[in-house]
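# Structural characterization, general
In case you want the letters, here they are:
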Amino acid sequence: MSYLQVVTKADELLKIRSEVGDDVDIGFVPTMGNLHQGHISLLEEALNNHKVIFFSIFVNPKQFAPNEDYSKYPRTLREDLEKIERACERDCKDKNTQVVVFAPEDGVGEVFPKGYATSISVGGRISEILCAKSRPNHFAGVTTVVYRLFAMIRPTVAYFGMKDYQQMLIVKKMTEDMLLDIIIKGMPIVRDNDGLALSSRNAYLTAEERKVALILPKTLNEIKKLILESESELEKFISDKLLQDKRWDYLQVLNANDLQPLNREKEIIALGAFRVGNTRLIDNLLIYR
Ligand code: AMP
């Protein structure tokens, strides 16, 4: 069993971080909680690679627009801690591994104290396309909290899911531009047996909506098949989908390295955002052609 600590105060977190010292390799997994196997897969990878791991559970208000689900976002701290504990028991290679969970339950002030005034945002095309179109300030909210958490934790490697592919690339760009000495490691999407990508927002779906949601991964797989078989039909396939079904927020195929329009690169990515009832789901599929 590893050494698991749960801290709710920023002061406590900073104290533990300074006790860890500067010569130690540190893994960091930032999340908003309501953990599922997608989150736990990031922790498992961190447990494989580090003896000191910080794991944050913080529902960041800055990345939600006023009309979005900040107040009703699922908060399940007790169950989350049980899942973390189970993963630690199962996957810790070294019983001295130290896992610190930062879960500022009492409010936003532990991360953004009174008077906090700085915003971090990545400019350029990557922050204007795909999810940014319908969520204009979302990524600035993400980079602001991630930068703040990076400053508090000073990790060596931070783990991000490729489920939020655009977010992962934007965080990478921020890290490069700000000369942060932190490796951003992108981890594969974890899916349910039927192919739906795990997401905290799946909890909003009714049984009927859950079936409809499968249109998203199925369509991405159709696109993959098309690309591997007869790419000339790709453009028409996508424009027909968007025209026929208004539930698509976007459906695009781009260069996987930088989300630029397709050229002749081998590594590409199909990305979609699809609305089911009031729930907006995102997913993507890497394709090597
Ligand atoms: P969230 O709590 O939704 O902010 O997610 C925290 C981290 O978990 C992010 O880096 C997500 O990309 C990652 N994540 C969420 N869902 C999945 C999934 N199904 N597979 C892999 N990573 C995921």
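Report on the accompanying structure. Along each chain, residues carry numbers from 1 onward, in the same order as the chain's sequence is written. For a predicted model such as this one, the threshold for reporting local features is a pLDDT of at least 70, and the threshold for listing and counting side-chain atom pairs is 80 or more; totals across whole chains, interfaces and linings nevertheless cover every residue. Only heavy atoms go into the side-chain values, all of them from the structure, while hydrogens and water stay out.

What follows is about the packing of aromatic side chains. Stacked, tilted and edge-to-face pairs are distinguished by plane angle, under 30 degrees for stacked and over 60 for edge-to-face with tilted covering the rest, among Phe, Tyr and Trp rings (Trp via its six-membered ring) whose centres lie within 6.5 Å. This structure, assessed with the given rule, holds six aromatic pairs. Aromatic pair phenylalanine 58 and phenylalanine 112: ring centres 6.3 Å apart, planes at 55°, arrangement tilted. On the criterion of sequence distance, the pair formed by phenylalanine 58 in the loop between strand E3 (52–57) and helix H3 (77–91) and phenylalanine 112 in the loop between strand E4 (98–102) and helix H4 (131–134) is long-range, its members being 54 residues apart. Summary of the burial criterion: residues with accessible area below 20% of their type's maximum are buried, those above 50% are exposed, and those between are partly exposed, where the area comes from a 1.4 Å probe applied to protein chains only. Relative accessible area serves as the criterion here: at 6%, phenylalanine 58 is assigned to the buried category. A connected cluster of aromatic rings, assembled from ring pairs, spans Phe58, Phe112 and Tyr116. The ring of tyrosine 70 carries the charged tip of arginine 75 above its face, separated from the ring centre by 4.9 Å. Helix and strand assignments come from DSSP, with helices taken as H or I runs of at least 4 residues and strands as E runs of at least 2, each series counted from the N terminus. Any Lys NZ or Arg CZ that is within 6 Å of a ring centre and within 35 degrees of that ring's normal is treated as a charge sitting over the ring.

Moving on, we get to helix H8 (residues 215–229). Helix length check: H8, at 15 residues, gives a terminal C-alpha distance of 21 Å against a target of 21 Å (1.5 Å per residue), a fit within 8%. Of the positions making up H8, those classed as buried are Leu216, Pro217, Thr219, Leu220, Ile223, Leu226 and Ile227. Where H8 is buried, its residues touch helix H9 (234–244), strand E7 (248–255), strand E8 (267–276) and strand E9 (279–288). Here, expected helix span is obtained from the residue count minus one, scaled by 1.5 Å. Residues are treated as being in contact if the distance between any of their heavy atoms lies within 4.5 Å.

Once that is clear, we can look at the environment of asparagine 137. Here asparagine 137 is to be found in the loop between H4 and helix H5 (138–153). Taking the C-alpha atoms as reference points, asparagine 137 and serine 121, 16 residues apart in sequence, are found 9.1 Å from one another.

Another point: a negative patch on the surface. A cluster of like negative charges, contributed by Glu79, Glu82, Glu85 and Glu89, occupies part of the molecular surface. With respect to the helices and strands, the residue glutamate 89 is situated in helix H3. For glutamate 89, a relative accessible area of 51% translates into the label exposed. For patch detection, residues must exceed 30% relative accessible area and be free of salt bridges, and they are connected within 9 Å for like charges or within 5 Å for nonpolar side chains (Val, Leu, Ile, Met, Phe, Trp, Tyr). Here, Shrake-Rupley sampling with a 1.4 Å probe gives the accessible areas, and only protein chains in the shown set may cover a residue. Note on definitions: salt bridges are taken to be side-chain nitrogens of Lys or Arg within 4 Å of carboxyl oxygens of Asp or Glu. The charge count includes Lys and Arg as positive and Asp and Glu as negative, but it does not include His or the ends of the chains. The atoms used to mark charge sites are NZ of Lys, CZ of Arg, CG of Asp and CD of Glu.

On to the pattern of salt bridges. Here the structure, examined in full by the defined rule, presents 21 salt bridges. Of the charged contacts in the structure, one is a salt bridge between glutamate 19 and lysine 15, with a shortest N-O distance of 3.2 Å. Separated by four residues within a single helix, glutamate 19 and lysine 15 lie in helix H1 (residues 10–20), roughly one turn from each other. For lysine 15, a relative accessible area of 53% gives the class exposed. Here arginine 247 and aspartate 245 are joined by a salt bridge, their closest N and O atoms 3.0 Å apart. One network of salt bridges, in which partners are shared, links Arg17, Asp22 and Arg154.

Right, let's talk about the sheet that holds E9 for a bit. Hydrogen bonds between backbone groups are what pair the strands of a sheet, and the pairing can be parallel or antiparallel. A pair of strands is treated as paired once DSSP finds two or more bridges between them. As summarised here, the arrangement of the three strands in space is E7-E8-E9, forming an open sheet in which the pairing is antiparallel. The sheet terminates laterally at E7 and E9, the two strands that pair on one side only. The sheet shows a mean angle of 10° between the axes of neighbouring strands, taken without regard to direction. As paired strands, E8 and E9 are joined by ten bridges and run antiparallel to one another. Among the inter-strand pairings, leucine 271 is bridged to a residue of E9, identified as asparagine 284. Simply put, an axis is a line fit to the C-alpha atoms, just over the touching stretch for a helix, and the angle between two N-to-C directions goes from 0 to 180 degrees.

Take the pairing of strand E5 (residues 157–161) next. When you tally the buried positions in E5, you get four out of five residues, the bulk of the element. The pairing of strand E2 (residues 26–31) with E5 spans two bridges and is classified as parallel. Across the sheet, glycine 27 pairs through a bridge with valine 157, a residue of E5. Here E5 runs beside strand E6 (residues 183–187); their pairing, made up of five bridges, is parallel. The residue of E6 that forms the bridge with valine 157 is isoleucine 183. By convention, a crossover is right-handed whenever its connection, traced from the first strand over the helix to the second and viewed with the strands pointing away, goes clockwise. Tracing the backbone out of E5, into helix H6 (residues 165–177) and back to the parallel element E6 gives a crossover that is right-handed.

Attention shifts here to the layout of surface pockets. In this model, the second largest pocket occupies a volume close to 280 Å³. The pocket and cavity definitions rest on a 1 Å grid over protein atoms only: a 1.4 Å probe that fits but cannot leave marks a cavity, an open set with protein on both sides within 12 Å along at least five of seven lines marks a pocket, and residues lining either have an atom within 4 Å of a point. Lining the second largest pocket are 17 residues, and of these Ile57, Val59, Arg75, Pro104 and Glu105 lie nearest its centre. Grid points are joined across faces, edges and corners, and a volume is the space filled by probe spheres set on the points.

Within the secondary structure layout, threonine 219 lies in helix H8. The residues touching threonine 219, leaving out its near neighbours within four places in the chain, are Phe237, Lys241, Trp248 and Leu251.

This part covers the site of the ligand. When at least one non-hydrogen atom of a residue lies within 4 Å of a molecule or strand, that residue is treated as near it. In the vicinity of the ligand there are 16 residues, among which Met32, Gly161, Asp164, Val190 and Leu198 approach most closely. Note that an oxygen atom of the ligand is positioned 2.9 Å from one of the backbone N or O atoms of methionine 32. Here a polar contact is recorded for every N or O atom pair within 3.5 Å, except that within protein the pair must consist of a potential hydrogen donor and a potential acceptor, and residues adjacent in sequence are included only if both atoms are side-chain atoms. Histidine 39 is positioned such that a nitrogen or oxygen atom in its side chain is 3.0 Å from an oxygen atom of the ligand. About the coverage of the ligand: the protein hides 92% of its 490 Å² of free accessible area.

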